[in-house]
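Read off the chains here:
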Amino acid sequence: MIKLTINGQKVTAEEGMSILDAALAHGIEIPALCHDPDLKPESSCRLCLVEVDGRRWPRVACGTPVRDGMVVETETPEIRATRREILQLLLDNHPNDCLTCQKAGECLLQKYAYEYGVTFRTHDGARRGGERARFTDTSSPYILRDESKCILCGKCISTCAVLNERSVLSFAGRGFETKVAADRDETLEASTCVSCSRCVAVCPVGALIDRRVREKKIRPWEADRQTIQCKACEYGCEYEVLEKGDERVIRPLAPSEGRPLCLKGRLYVEAEVSSDLRTPFKKEETEKGRKFVRTTWIEALELDRILDRITSTESESTK
Amino acid sequence: MSMTFEKLKEIREETLQHMNLRGLPTDRPNAPYRWSVAICMETSCMSSKAREIKQRLLELIERDGKGDEIEVVGTGCFGLCEAGPIVIVRPGETFYYHLNVEDIDLIYEQHLLGGEPVRDLIYPESITEDGYLSYFDIPFMEHQERIALRSSGHIDPEDIREYIAFGGYEALYKALVEMTPDEVIDVITESGLRGRGGGGFLAGRKWRATQASPGDEKFIICNADEGDPGAFMDRSILEGDPHSVIEAMAIAGYAIGSDQGYVYVRAEYPIAVERLENAIGQANDLGLLGENIFGTDFSFDLEIRLGAGAFVCGETTALTASIEGRRGTPRSRPPYSADKGLWGKPTMINNVETFANIPYILLNGPEAFKKIGTEKSPGTKVFALSGKIKNVGLVEIPMGTTLRQVVEEIGGGIPNGKAFKAVQTGGPSGGCIGPEHLDTPIDFDSLTEVGSMMGSGGMIIMDEDNCAVDVARFYMDFIADESCGKCTPCREGTKRMLEILIDITEGRGDETSIPRLERLAKTTELASLCALGQTAANPILSTLKTFRDEYEAHIKEKRCPAGVCKALTNYFITDKCIGCGLCARQCPVSCIKGERKELHVIDTEQCIKCGLCFEKCPVKAIVKK
């Protein structure tokens, strides 16, 4: 056990734990956009900077392991000022779309901007994704991308790479022009993306959105929410049911404990609880590349063989 | 083959017989050559036809059957790149400069056949009343001391035997056979050698940490991803003396317990890569790399990995990621490379120049090394001197030499009678040092104290015609372009700082510009992930410190005092004009009007500020305001 002090509070932590996790375990929240408990720390957003042992040079809480006798301050005026600057840099490159953004209410950028009193401002400088929000990739029936909102935290890339056979997303370009690309910067449709929605589940902002939830116009705070487990396989990935009036939609929750998430599972859960069954799509290799094509629920859930068997057995027994 | 000390000595003696004229105590009984002609074969001289000169000379020798009397050697850098292509004739080390291919015929006829040096082609500063100075005695070389470049200019970098003749691989033998790994590290630590790549970290401590780190598999990496604007120290060492780096890496491998090394070198250095490949091949052939070197248990392999030119890949964690085949972006430390580096194994990374010092230290002992330089920065440092300086080139000076000595004596001062303005060291991470600090001794700590840093060795001299804001803009443009884009402050902050600087240079600066720059500078410094971002604002901060009045002139008076920023500069013709009309004829947009023999006038609305008229005016009647 390691003993350290965070904001004057004496706490204990396990060897190898990060300052961020140690703080969280004791109810001290440190703002972070790129941190995810299920992913390796990227330490790229730099929001979780904290003061360590009174030194001027701050350290990232997510990437710094705890040490015996460490004295951590997470909320000094200096640290808060630096975080404000970082948030301002992000907002200067983010469209003012909170009114209509699907992510409003659970967007981390919105949350921290509110907390730190940082606002959108007009400026003549460059904007990576343009000044107005717009979906930059609408090729997938399941996922909408809006690169103008992307803060390049890299979580989507990391979570996509957890499963080796996926690894569809990666960074492309560099510096200010860095972007997240699917395969060789293709659309989600043309890429090898399997629509598992792991990326959507971890995106902290409105850059990756669940299309079917969006189309139902349900935002989380106005819905009754319930977590359910997928029964398609033994992993039991988690989904959230959002219910508003007569409408019921589902969305995948962040994959944890090795759960993979997959399209089949998603459709399985959808078929089970959605208020209406909306046409499923599957990806097919065609001469013109990969295309999403309409399919039937029976085919999507791979029920055809089972159904055939049931039908034939039943018709035989009635003979 | 397997190598022994006897064989090494044998190669040495045998090769020295043919090197009777080159830089070592000679007078060997069988001295075969009357003349030895050294031609610099590095990137800079090769770009001005050194290869063709060598080819022509070989043709002449072949034609006359003089191969037994005259040897021609392609060597590494002599240093005074400005004078290239450089040809040195030994004995005498007569220094021919700025040669054309046809000049070599005359040198051959008159000097090599006739014994009479060609005065007109000899570097003027080496001509004295009594004859001609050796290259190594000209003023440019006077304050220099060569350790890292000790063999450059003397040996053929493509021939391992010449390296051996100059004492090469003896340090490796000494380490492997006469010393324990601990003793090797002790010597390096004792010498006080600090990393020449920029950080200035004690090399011995790095070696020790990697040695102490548990693990069966460890790696040695040579960082040859030299990327600072105007820097070519490492390229020169690899081109001129690749074996010094190979030998040092093998020594490091022995010391820390590694049998595999990688040289990470940028693909933009094709000659360096080619010579390195050739050298590794030769070392393998002679058993100086590979299995059981010198019959010991120690084996060491070396491979080259090419970088694709990203500046950030000079950062150790980004470099490691790049070797592993991943995107070259830095990661947060800890873990440090000494614990978890390449493929998660303990890894020791040194820069080219740091390695090049190692064989010298091992052979001559730490005391000899410490005698050179200062107490806290022993040894020498190689600098690539460029910009507004007479002697552009590569210099190696003892630490503690003052900036003034480098600029005024070694560098020969500022050309065209212009006034010195600043010296930029440390590349984009460094800063501009103004005239008030010219007497600062060059060492790691003193340069940091005056707001710059040692860096890897770029040294760019600026004169009164350079605009401080424009210089800051240049470096920020470089950094914003080279930022990997991983962390927020560097990715977004450098872009915003660049935008503000462009605004200032184009007349759109206002009273918020400097405070905004200062705020962004602080954020990128404190919050960026790696040193590239943490030091990105240094060119701004250092120029703001020394040349704040210039920033203010741009912002408040919309004026560029140096006349560099085009949007803020106008050209006018003064009454010195003689009405010759040359300017009007040169003007590409025909915006200069005037009658013959009368005062001409520039239409500043139409003027595109190309500066042609300013340059061409025979009576200097045109001014920039």
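This is a predicted model, so every value here is computed, not measured.

### With respect to the environment of Gly-579 of chain B
Residues and elements named next belong to chain B.
Now for step 1: With respect to the helices, strands and loops of the structure, Gly-579 is situated in the loop between strand 16 (571–573) and helix 22 (582–586).
Now for step 2: Linking Gly-579 and Ile-323, residues 256 residues apart in sequence, is a C-alpha distance of 64 Å.
Now for step 3: For Gly-579, the contacting residues outside a window of four places in its chain are Glu-595, Arg-596, Lys-597, Glu-598 and His-600.

### Structural notes on empty space enclosed by the protein
Empty space left among the atoms is revealed by rolling a probe the size of a water molecule over them.
All names here are of chain A.
Now for step 1: Per the stated rule, a full pass over the model turns up 7 cavities of 30 Å³ or more.
Now for step 2: At the level of elements, helix 4 (155–161) and helix 5 (198–202) are the ones that each hand at least two residues to the lining of the largest cavity.
Now for step 3: Counting residues per element, the lining of the largest cavity draws most heavily on helix 4, at 3 residues.

### Focus: the pattern of salt bridges
Side chains bearing opposite charge may pair, as long as their charged atoms lie close to each other.
Now for step 1: Taken as a whole and judged by the stated rule, the model has 69 salt bridges over all chains.
Now for step 2: Ionic pairing is found between Glu-492 of chain B and Arg-128 of chain A, a salt bridge with its closest N-O pair at 2.6 Å. Taken together, the residues span two chains, with Glu-492 of chain B in helix 18 (residues 488–505) and Arg-128 of chain A in the loop between helix 3 (108–116) and strand 6 (143–145).
Now for step 3: A relative accessible area of 0% means that Glu-492 of chain B is categorised as buried.
Now for step 4: Of the charged contacts in the structure, one is a salt bridge between Glu-367 of chain B and Lys-370 of chain B, with a shortest N-O distance of 3.8 Å. A residue pair is termed a helical-turn pair when its members lie 3 or 4 positions apart in one helix, as Glu-367 of chain B and Lys-370 of chain B do in helix 14 (residues 352–371) at 3 residues.
Now for step 5: Taken together, the shared-partner salt bridges in this structure form one network comprising Glu-106, Arg-225, Glu-240 and Arg-251 of chain A.

### Quick word on a nonpolar patch on the surface
All names here are of chain A.
Now for step 1: There is a patch of nonpolar side chains on the surface, built from Ile-298, Leu-303, Ile-306, Leu-307 and Ile-310 and spanning about 390 Å² of accessible area.
Now for step 2: One can find Leu-303 in the loop between helix 8 (297–300) and helix 9 (304–318).
Now for step 3: What makes Leu-303 partly exposed here is its relative accessible area of 32%.

### Some details on the domain arrangement of chain B
Interfaces are frequently sized by the accessible area removed from exposure as the parts join.
Now for step 1: Assigned domains of chain B: these are domain 1 (33–140), domain 2 (160–369), domain 3 (380–463), domain 4 (468–556) and domain 5 (570–624).
Now for step 2: Computed from C-alpha atoms alone, the centre-to-centre distance between domain 1 of chain B and domain 4 of chain B is 46 Å.

### Looking at the sheet that holds strand 4 (residues 94–96) of chain B
All names here are of chain B.
Now for step 1: Taken in spatial order, the 4 strands line up as 2-1-3-4 in an open sheet, and their pairing is mixed. One side of each edge strand has no neighbouring strand; the edge strands of this open sheet are strand 2 (70–75) and strand 4. When strand polarity is set aside, the average angle formed by the axes of neighbouring strands in this sheet is 20°.
Now for step 2: Note that strand 1 (residues 35–40) and strand 2 share 6 bridges and pair parallel. If you follow Ile-39 over to strand 2, its bridge partner there is Gly-74.

### Quick word on the packing of aromatic side chains
The description of an aromatic ring pair rests on the distance of the ring centres and on the angle between the ring planes.
Now for step 1: This structure, assessed with the given rule, holds 18 aromatic pairs over all chains.
Now for step 2: Ring geometry for Tyr-142 of chain A versus Phe-292 of chain A: centroids 6.2 Å apart, planes at 75°, classification edge-to-face. One end of the pair, Tyr-142 of chain A, is in the loop between helix 3 and strand 6; the other, Phe-292 of chain A, is in strand 14 (residues 289–294), with 150 residues separating them in the sequence.
Now for step 3: By relative accessible area, which is 0% here, Tyr-142 of chain A ends up buried.
Now for step 4: Geometrically, the ring pair formed by Tyr-97 of chain B and Tyr-123 of chain B is edge-to-face, given 5.4 Å between the ring centres and 85° between the ring planes. Placement of Tyr-97 of chain B in the loop between strand 4 and helix 4 (103–113) and of Tyr-123 of chain B in the loop between helix 4 and strand 5 (127–128) is noted, with a sequence separation of 26 residues between them.
Now for step 5: Residue Tyr-123 of chain B is classed as buried on the basis of its relative accessible area, which comes to 5%.
Now for step 6: Feature note: the residues Phe-78, Phe-95, Tyr-97, Tyr-123, Tyr-135 and Phe-136 of chain B constitute an aromatic cluster, connected by ring pairs.
Now for step 7: The ring of Phe-176 of chain A has Arg-128 of chain A sitting right over it, with the charged end atom 4.9 Å from the ring centre.
Now for step 8: It is Arg-266 of chain B that lies over the ring of Tyr-269 of chain B; its NZ or CZ is 5.8 Å from the centre.

### Brief notes about helix 3 of chain A
Residues and elements named next belong to chain A.
Now for step 1: Within the span of helix 3, buried status applies to Leu-109, Tyr-112, Ala-113 and Tyr-116. Looking straight down helix 3, one finds its buried side chains confined to an arc of 105°; they lie on one side.
Now for step 2: Buried residues along helix 3 sit against helix 2 (77–91).
Now for step 3: The first or second residue beyond helix 3 is Gly-117, which carries a positive phi of 65°.

Rules and cut-offs
Residues numbered from 1 in each chain as written. Chains lettered and ligands numbered in written order. Predicted model: local features only at pLDDT ≥ 70, side-chain atom pairs only at ≥ 80, totals over all residues. Heavy atoms only, no water. Helix = DSSP H or I, 4+ residues; strand = E, 2+ residues; numbered from the N terminus. Contact = heavy atoms within 4.5 Å. 1 Å grid on protein atoms, 1.4 Å probe; cavity = no way out; pocket = protein on both sides within 12 Å on 5 of 7 lines; lining within 4 Å. Points joined across faces, edges and corners; volume = space filled by probe spheres on them. Salt bridge = Lys/Arg side-chain N within 4 Å of Asp/Glu carboxyl O. Buried < 20%, exposed > 50% of the residue type's maximum accessible area, 1.4 Å probe, protein only. Patch = residues over 30% accessible without salt bridge, like charges linked within 9 Å, V, L, I, M, F, W, Y side chains within 5 Å. Areas by Shrake-Rupley, 256 points an atom, 1.4 Å probe, with all protein chains shown as cover. Domains from an automatic or database assignment. Pairing = 2+ DSSP bridges. Axes fitted to C-alpha atoms, helices over the stretch in contact; angles between N-to-C directions. Phe/Tyr/Trp six-rings, centres within 6.5 Å; stacked < 30°, edge-to-face > 60°. Lys NZ or Arg CZ within 6 Å of the ring centre and 35° of its normal. Arc of directions from axis to C-beta.

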